[in-house]
Every structure is written in C-alpha cells, then in structure tokens.
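Geometric and topological summary
Given next are the chains, with one letter for each unit.
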Amino acid sequence: MKIEELLRPNVRKMIPYSSARDEFSGVGMVQLDANENPFDTGLNRYPDPYQRQLKKEIARYKGGRMQNLVLGNGSDELIDLAIRAFCVPAVDEIIGVKPSYGMYKVSCELNDVAYREIPLDEDFSLNADRLLREVTAKTKLIFICSPNNPSGNVFEDAAIEKLLNGFTGIVVLDEAYIDFTAKESWSKRLNEYPQLIVLQTFSKAIGLAATRLGMAWCSEQMVEIFNRIKPPYNINQLTEFEAMKRIQDADQIAEDIQSIIEQREWLIQELEKSGVVEKVYPSDANFILVKVNDANSLYGQLLQKNLVVRNRTTQYNCENCLRISVGTKEENKELIETIKKLENEESTIY
Ligand SMILES: *Cc1c(COP(=O)(O)O)cnc(C)c1O
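1. So, the site of the ligand
Residues in close proximity to the ligand total 14 residues, the closest being Ser 75, Asp 174, Tyr 177, Lys 204 and Arg 212. Asn 149 places a polar side-chain atom, nitrogen or oxygen, 2.9 Å from an oxygen atom of the ligand. In the environment of the ligand, a nitrogen atom lies 2.6 Å from a nitrogen or oxygen atom belonging to the side chain of Asp 174. About the coverage of the ligand: the protein hides 93% of its 390 Å² of free accessible area. Looking at side-chain class alone, the shell around the ligand contains five nonpolar, five polar and four charged residues.

Have a look at this one:
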C-alpha cells in the first residue's frame, strides 16, 4: 500500500520546518543556534523534537520499537494530526462508530471534515461489513476505539482484521484502555498493516493524565508523515521527565492496574445486586457502563452526595446509562453505599 498517495496533496508537497534542534542535537557543543537563554535553569534548552530518549524507554517498557513510535501532546493531538495528514477539508470524510469517544467528531468538525457515525450492534460489538458498506471514494480514515468508550467492550480481532483487509484507507485504532484487558495490542501487528495507527496514552493505566502524553504506534512510513507535520517541540521537557520517572517503576504501574481490575470486578458484582440497576455491561476497561431505571435522576442524586459519574443517556443506544470510572477501594465502597441508601430512601417514599 502506498500511504504517500493517500496523503492530503499539500502535505505530500510540504517541506517541514527545520528546527535548530533538528539540525544539531546540541549535546556537547557550544549552542548558539536556537536563540535560547544560555543561563542554566534546568529547562533553558529546547527539548529533542523526536524525544529519542523517552521513546527508547517507552519502547522497552511496552515491548515495541522506538522507530514505530510518535508522541503527541495527549492522544488528542495525534487524532488531530492524523485527520490533517490525510483529509482535504470540505471534501474528504471519515467514518467512525457510535457510541464512541467524542473527540473524533470534535476534531473532524474543527478540520471541516465530515464525520459519519455508523451504529455498533445492539450489544456494542463491531460489525465490519456494516462499516465497509459505508465507505466511499472520499473516506480517508476510519476511527475505531477498542476497548470502546463508553461501552467498555473490546472488539473481536476478526472484525478489526476484516476492516483492515477490506478498507484501502487509514485505520486509527484507539487503545487508550488496552492495559485493562488481557488482549494483545494491535501494535504488535504493524508489519502486516502499514496503514494502521494504534493510539495509546499515558492518561489512563499509566496514571499521568496531567502530563498530556499520547503514543501512536505505526509503520516507519507513517512515523515520517507525523514527523513532517507535527509541531517541532510538541512534547515538553517536564512531561518527558515525569514519563520516564513513572515507567522506571513498571511493577508499581502493574500493581495499580491489577487493583483497578479487581475493583472493577467488585463494583460489577455490587452494582448487579442493586435494585436501581437494570444492566451492567461487561467491561474490558477502567470504567463500567450501567443501565439504571432513571439515569438523570440517579445522576443528580449522586451529585448531591458529592459523587460525580458520567451521564451517557443521550448517547446512541445508551438510554438511561451512566458511565462509572473505577476508583480506589474506598471511593467504590462509598459509591455502592450511597446507591444503597438512595434505594432505601426511595422504597420508603413509595
Ligand atoms: C481518555 C481517552 C483518551 C486519552 O486522551 P489523551 O489526550 O491521551 O488524554 C484517548 N482515547 C479515548 C477513547 C479515551 O477515552
């Protein structure tokens, strides 16, 4: 597949901005090339535009190759860059599924690229044939999120494989929640699919949402395209420091993930016993989608007790659904006890 031919024409022709740190890494030299302040503050020099040291450590932590990695100011930046690399505004279009992560649509709207959302099946599974039928000559990208937000389920490998084999454009697979499932990441299969972009993030399992660090795993051809169009210093030095520090302690991250998974299973059990709950959807993520008898009412009542969950009732096929993030043991207990109390109050009223 010729990814170059799928590019937006202006991007294909584009000569990237060559930053001072692009031309010379600066290490061990007298650096008078970037108009930096020469006095050492610990942060007076521009960071590496390709974040080589951080990528090396991420590659080791995740078990991938640093040559297949692009870093973004959150995955949200990588979503935007993927759209801008391949889609001509007001001409091309993107296909996604519903319900799913809201940022794809926002980013499309900002870039004036039409976004068509195809429904998932009733049980939130991915029907590749249904998506492939919607593809037109203008469809440049497909966005898929697995495990999916807000439904929480991971999509079947066979369905994703069918999509990759049947679509001649770019597939962006958002794996923000992959660490909460036993399923292997699609980033291990980049050799088979040069048109695949796998997004991961430091915001969920790794616990660094505030640093804003997203990862795109993709073919080296694709890495070159991202590097051509990204802002030169998109990852700041403080983020790099904190990210490297955090992944030094892989055991701690693994322990935190394990605790979240155990708490998720406990929460599911407890929620299933509740009288206000109609259905608890299976979850491969760090949140649970729950159908209740009256989502707006329960949402408001929880809020009054200082508990914030996400009301998803207006989302496609999510009527009366709340999305609940798995918290600490204490937080989860508080949630369950509050729901029980509300339930008792209700039964005494009627
Ligand atoms: C939370 C989330 C992200 C994370 O985005 P960042 O910009 O990396 O914080 C990405 N995709 C999905 C589906 C999410 O739910």
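2. Examining the packing of aromatic side chains
Counting across every chain of the model gives six aromatic pairs. Taken together, a centroid distance of 5.4 Å and an interplanar angle of 80° make the contact between Tyr 101 and Tyr 104 edge-to-face. Residue class for Tyr 101 comes out partly exposed when judged on its relative accessible area of 26%. Among the residues examined, Tyr 104 registers a relative accessible area of 0% and is labelled buried. Ring centres 4.6 Å apart and planes at 10° place the aromatic pair Tyr 104 and Phe 143 in the stacked group. Here the residue Tyr 104 occupies a position in helix α6 (residues 103-110), and Phe 143 occupies one in strand β4 (residues 139-145), the gap between them amounting to 39 residues. In terms of burial, Tyr 104 and Phe 143 fall into one category: buried.

3. Some details on the pattern of salt bridges
Scanning all chains against the criterion turns up 19 salt bridges. The partner of Arg 84 in a salt bridge is Asp 80, and the shortest N-O contact between them spans 2.7 Å. Linking Arg 84 with Asp 80, this pair stays in helix α5 (residues 75-86), spanning four residues, or about one helical turn. With a shortest N-O distance of 3.3 Å, Glu 242 and Lys 245 are connected by a salt bridge. With a gap of three residues between them, Glu 242 and Lys 245 both fall in helix α10 (residues 237-248), about one helical turn apart. Overall, Lys 245 belongs to the exposed group, its relative accessible area being 55%.

4. Description of the pairing of strand β1 (residues 69-72)
Taking every second residue as pointing to the same face, both faces of β1 are buried, with Leu 69 and Leu 71 on one and Val 70 and Gly 72 on the other. As defined by bridge partners, β1 adjoins strand β7 (residues 214-218) across four bridges and the pair is classed as antiparallel. Its bridge partner being in β7, Gly 72 is matched across the sheet by Gly 214.

5. Things to note about the sheet that holds strand β11 (residues 321-325)
If you trace the four strands from one edge of the open sheet to the other, you get β8-β9-β11-β10, paired in antiparallel fashion. Each having just a single partner strand, β8 (277-280) and β10 (310-311) make up the two edges of the open sheet. Taken together, the three bridges between β8 and strand β9 (residues 287-292) define a ladder with antiparallel strand orientation. Among the inter-strand pairings, Val 277 is bridged to a residue of β9, identified as Val 292. The strands touched by helix α11 (residues 250-273) within the sheet are β8, β9 and β11, with β9 carrying the most contacts at an inclination of about 5°.

6. Side note on a negative patch on the surface
Negative charge collects at one region of the surface, where Glu 330, Glu 331, Glu 334 and Glu 337 lie side by side. In this structure, Glu 330 sits in helix α13 (residues 329-349). Residue classification places Glu 330 among the exposed residues on the basis of a relative accessible area of 57%.

7. Some words on a nonpolar patch on the surface
Residues Leu 43, Leu 238 and Phe 241 make up a contiguous nonpolar surface patch of roughly 290 Å² in combined accessible area. With respect to the helices and strands, Leu 43 occurs in the loop between α3 (20-23) and α4 (52-62).

8. A word on the nonpolar core
The biggest cluster of nonpolar side chains holds 50 residues, and the ones touching the most others in it are Ile 58, Leu 126, Leu 131, Ile 144, Leu 196 and Phe 202. For this core, the leading source of residues is helix α8 (residues 157-166), giving four residues. Among residues more than four places away in sequence, those in contact with Ile 58 are Gly 63, Leu 69, Leu 71, Phe 202, Met 215, Trp 217 and Ile 247. Of all hydrophobic cores here, the second largest spans 32 residues; its members include Ile 83, Val 113, Ile 197 and Leu 199.

What counts as what
Residues numbered from 1 in each chain as written. Predicted model: local features only at pLDDT ≥ 70, side-chain atom pairs only at ≥ 80, totals over all residues. Heavy atoms only, no water. Near = heavy atom within 4 Å. Polar contact = N/O pair within 3.5 Å; in protein donor to acceptor, adjacent residues only side chain to side chain. Areas by Shrake-Rupley, 256 points an atom, 1.4 Å probe, with all protein chains shown as cover. Nonpolar A, V, L, I, M, F, W, Y, C, P; charged D, E, K, R; others polar. Phe/Tyr/Trp six-rings, centres within 6.5 Å; stacked < 30°, edge-to-face > 60°. Buried < 20%, exposed > 50% of the residue type's maximum accessible area, 1.4 Å probe, protein only. Helix = DSSP H or I, 4+ residues; strand = E, 2+ residues; numbered from the N terminus. Salt bridge = Lys/Arg side-chain N within 4 Å of Asp/Glu carboxyl O. Pairing = 2+ DSSP bridges. Contact = heavy atoms within 4.5 Å. Axes fitted to C-alpha atoms, helices over the stretch in contact; angles between N-to-C directions. Patch = residues over 30% accessible without salt bridge, like charges linked within 9 Å, V, L, I, M, F, W, Y side chains within 5 Å. Lys, Arg positive; Asp, Glu negative; His and termini not counted. Charge placed at Lys NZ, Arg CZ, Asp CG, Glu CD. Core = buried A, V, L, I, M, F, W, Y, C linked by side-chain atoms within 4.5 Å.

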